[in-house]
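Tertiary structure, described
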Amino acid sequence: MAVTPTWLGTVAHLHITARAFLPMRAMEAIELIAGEGILGDRYRIGTEEGFYSAKPEPGRQVTLFEEEALEAIRRDHGIELLPEEHRRNVTTRGVPLTHLVGRRFRLGDCLLEATRLSIPCRHIEEILDKPVFDPMINRSGLNCRILEGGTVRLGDPIRPA
Amino acid sequence: MRHIRTILRAAEPAGPGIRLLTLMDPDGWPLPRFRPGAHIDLHLPNGLVRAYSLCGDPAEADRWRVAVKREDAGRGGSAWLHDGLAVGGELSVSLPRCTFPLAAGARRHLFLAGGIGVTPFLSMAAALDRAGGDYLLHVLHRGAVPMPAQLAPLLARGQAVLHDTGAGRPDLAALLGPPETGVQAYACGPAGLLADFEAIWPVEQAQVEHFVPPPLAPAPDARPFTLVLARSGRSMDLPAGTPLLPALRALGAAVEASCEGGICGACRVRWLEGPPIHRDRVLKPAERATDCMACVAGCAGPRLVLDL
């Protein structure tokens, strides 16, 4: 008997930035490169210029964040955190990110493997001038390795592999 | 990567001994936004760190401008920024910080600049011009005018007034007028000017910017302490409220750090004497009896001895 997936999500926003601290840029589509990262993003392995690039991590090729967490932070703390401000690459809708650690799933046609939960960083408060560190604890997104690359577009489906 | 990498894209003279620098991302990527009145630290190759007010329009997303006055009696920071940094050269800078903000809700802003102290007011004027805010800039100078090209449009519109102090400083109270409700006054310049300004203007309607930012106020219960590394035998006296991580790095201790907010656990170190003030949210009470998180910990006693 075929197992019906319990969730099916979509890509709500896509963002990259060239270097640590610089504003994230909204994209219509991004190019994932298997084993490396996102074309033009600061954490692409081999051309890294991110805040944490001195601490290499093969499981940090692409990062995801739940759009629902932005709504929860607004609801619980009255803080407007925008999709370009959480500094993850993919803002998802309808995806239980925290349940995916160690699992594989499809982002559009790409295949990802979730390596660990993201941890918020104090320097995001410096960048944004907003007290978001505490509100982001335990809902700060997901780090992933890219097993199969390709183009990811706004509105693409996200589903279990 | 602790700093923002910028390239000097343009440099031009801007008044007596002043070089106006335009810094951009290597690929022209937008830079972090800044608030009017903000400053950045420039990290010079010889290890000097120098703070300069951003004097461009905050709406220009891809460039930061700072004006550097050459101080020949200084320690070489401004001299290097004049002579050592060529267009096309690279400069590491900090995120912008604003310790000199425009007062929200004021109906009129009076700016008092001493010489090169005019720089933060140029970014404020640009923002107020865009928002339709009411302001007047008084520039006190001796001889040649600082930033003449930048001041020219303000002078032409009557929103800036020059006061050559060669014949003596004008009466500040007369310049500013009475401190009516809703009028906020700001001063940036040499210490003597700031002191005179603070003597005549009510503190709740005043903002001052020192050329050298004052140190952050420590927490009320913080005490000075000596940081000791038991294995290397090195130590350092720290003023109250000093964060541990930079001190540990200065002492040559290889301590990992990641979130720097006390939750990720990367900078956990064993302590031998203290006790530490624990401000992390990762260690259990039993773990705190032996370990602390260096990124947020303080010290309750006179000595903090770490097993490093």
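What you see is a predicted model; the values in this text were computed from it and never measured.

**Points about the overall build of chain B**
The secondary structure content of chain B amounts to seven helices and 18 strands. C-alpha atoms of chain B, sized along the principal axes, occupy 70 × 45 × 35 Å. Of the contacts made within chain B by residues no fewer than 6 positions apart, 59% connect residues no fewer than 24 positions apart.

**Focus: the overall build of chain A**
When its secondary structure is counted, chain A shows three helices and 11 strands. In sequence order, the secondary structure elements of chain A are arranged as β-β-β-β-β-α-β-β-β-α-α-β-β-β. The C-alpha atoms of chain A give 15 Å as radius of gyration, which agrees with the globular expectation for 161 residues (15 Å, within 12%). In terms of principal-axis extent, the alpha carbons of chain A reach across some 50 × 40 × 25 Å. Burial statistics for chain A: of 161 residues in total, 45% are counted as buried. Taking the contacts inside chain A whose residues are at least 6 apart along the sequence as the reference set, 72% of them involve residues at least 24 apart.

**With respect to the interface of chain B and chain A**
With 15 residues of chain B at the contact, the number on the chain A side is 20 residues. Classifying every residue of the side of chain B that touches chain A gives 10 nonpolar, one polar and four charged.

**Regarding the sheet that holds strand S18 (residues 303-306) of chain B**
All names here are of chain B. Taken in spatial order, the five strands make up an open sheet running S13-S12-S18-S14-S16, and their pairing is mixed. Bordering the open sheet on either side are strand S13 (235-238) and strand S16 (291-293), each of which pairs with just one other strand. On average, adjacent strands in this sheet sit at an angle of 35° to one another, irrespective of strand direction. Of the strand pairs in this sheet, strand S14 (residues 268-273) and S16 are connected by three bridges, and their pairing is antiparallel. Across the sheet, residue Val 269 finds its bridge partner in S16, namely Cys 292.

**A closer look at the UniProt feature "domain: MOSC" (unreviewed entry) in chain A**
The feature "domain: MOSC" (unreviewed entry), as given by UniProt, occupies residues 25-161 of chain A in the numbering adopted here. Helix makes up 15% of residues 25-161 of chain A and strand 33%, and the two end C-alpha atoms of the span are 29 Å apart.

**Section: the domain arrangement of chain B**
Each domain of chain B was delimited in the assignment, giving domain 1 (4-93), domain 2 (108-209) and domain 3 (225-306). Centre-to-centre separation of domain 1 of chain B and domain 3 of chain B, based on C-alpha positions: 34 Å.

**Here we look at the pairing of strand S8 (residues 110-117) of chain A**
Successive side chains on a regular strand alternate, one facing one side of the sheet and the next facing the other. All names here are of chain A. Pairing of strand S7 (residues 104-107) with S8 involves four bridges; the strand directions are antiparallel. Bridge pairing in S8 places Phe 105 opposite Leu 112. Between the end of S7 and the start of S8, which pair antiparallel, lie two residues, with Gly 108 showing a positive phi angle near 60°.

**Quick notes on the nonpolar core**
Residue and element names in this part refer to chain B. Judged by nonpolar contacts, the single largest core of 86 residues is most densely connected at Val 66, Ala 67, Phe 111, Ala 113, Phe 121 and Leu 137. Leu 137 has contacts with Phe 111, Ala 113, Phe 121, Ala 125, Leu 154, Gln 159 and Ala 160, leaving out every residue within four places of it along the chain. The next biggest cluster of nonpolar side chains, apart from the first, holds 18 residues, and it includes Leu 227, Met 293, Cys 295 and Val 296.

**Side note on the confidence of the model for chain B**
All names here are of chain B. Residues with a pLDDT of 70 or more make up 96% of chain B, whose mean pLDDT is 91. Low pLDDT, under 50, characterises residues 213-217; the predicted model gives this stretch two contacts beyond four residues in sequence or across chains. Reported for the predicted complex are a pTM of 0.80 and an ipTM of 0.83.

**Points about helix H2 (residues 119-131) of chain B**
In an α-helix, one turn spans 3.6 residues, which is why side chains three or four residues apart end up on the same side. Residues and elements named next belong to chain B. Taking 1.5 Å per residue, 13 residues should reach 18 Å; H2 reaches 19 Å between its end C-alpha atoms and fits that length. Among the residues making up H2, those that are buried are Thr 119, Pro 120, Phe 121, Leu 122, Ser 123, Met 124 and Ala 125. Positioned one or two residues after H2, Gly 132 has a phi angle of 75°, which is positive.

**Brief notes about the sheet that holds strand S5 (residues 64-69) of chain B**
Residues and elements named next belong to chain B. Strands sit in the order S4-S3-S6-S1-S2-S5 across an open sheet of six strands; the sheet is antiparallel. One side of each edge strand has no neighbouring strand; the edge strands of this open sheet are strand S4 (49-53) and S5. Along the sheet, successive strands turn relative to each other by an average axial angle of 40°, direction set aside. Alignment of strand S3 (residues 39-43) against strand S6 (residues 90-93), held across two bridges, turns out to be antiparallel. What sits directly across from His 43, in S6, is Ser 92. Lying on the sheet, helix H1 (residues 77-84) is in contact with strand S2 (18-24), S4 and S5; it crosses S5 at an angle near 115°.

Definitions and cut-offs
- Residues numbered from 1 in each chain as written.
- Chains lettered and ligands numbered in written order.
- Predicted model: local features only at pLDDT ≥ 70, side-chain atom pairs only at ≥ 80, totals over all residues.
- Helix = DSSP H or I, 4+ residues; strand = E, 2+ residues; numbered from the N terminus.
- Contact = placed C-beta atoms within 7 Å.
- Rg over C-alpha atoms; globule rule 2.2 N^0.38 Å.
- Buried ≥ 20, exposed ≤ 12 C-beta atoms within 10 Å, placed from the backbone.
- Nonpolar A, V, L, I, M, F, W, Y, C, P; charged D, E, K, R; others polar.
- Pairing = 2+ DSSP bridges.
- Axes fitted to C-alpha atoms, helices over the stretch in contact; angles between N-to-C directions.
- UniProt positions renumbered as here; feature names shortened; annotations may be inferred.
- Domains from an automatic or database assignment.
- Core = buried A, V, L, I, M, F, W, Y, C linked by C-beta atoms within 7 Å.
- pLDDT = per-residue confidence, 0-100.
- Expected span 1.5 Å × (residues − 1).

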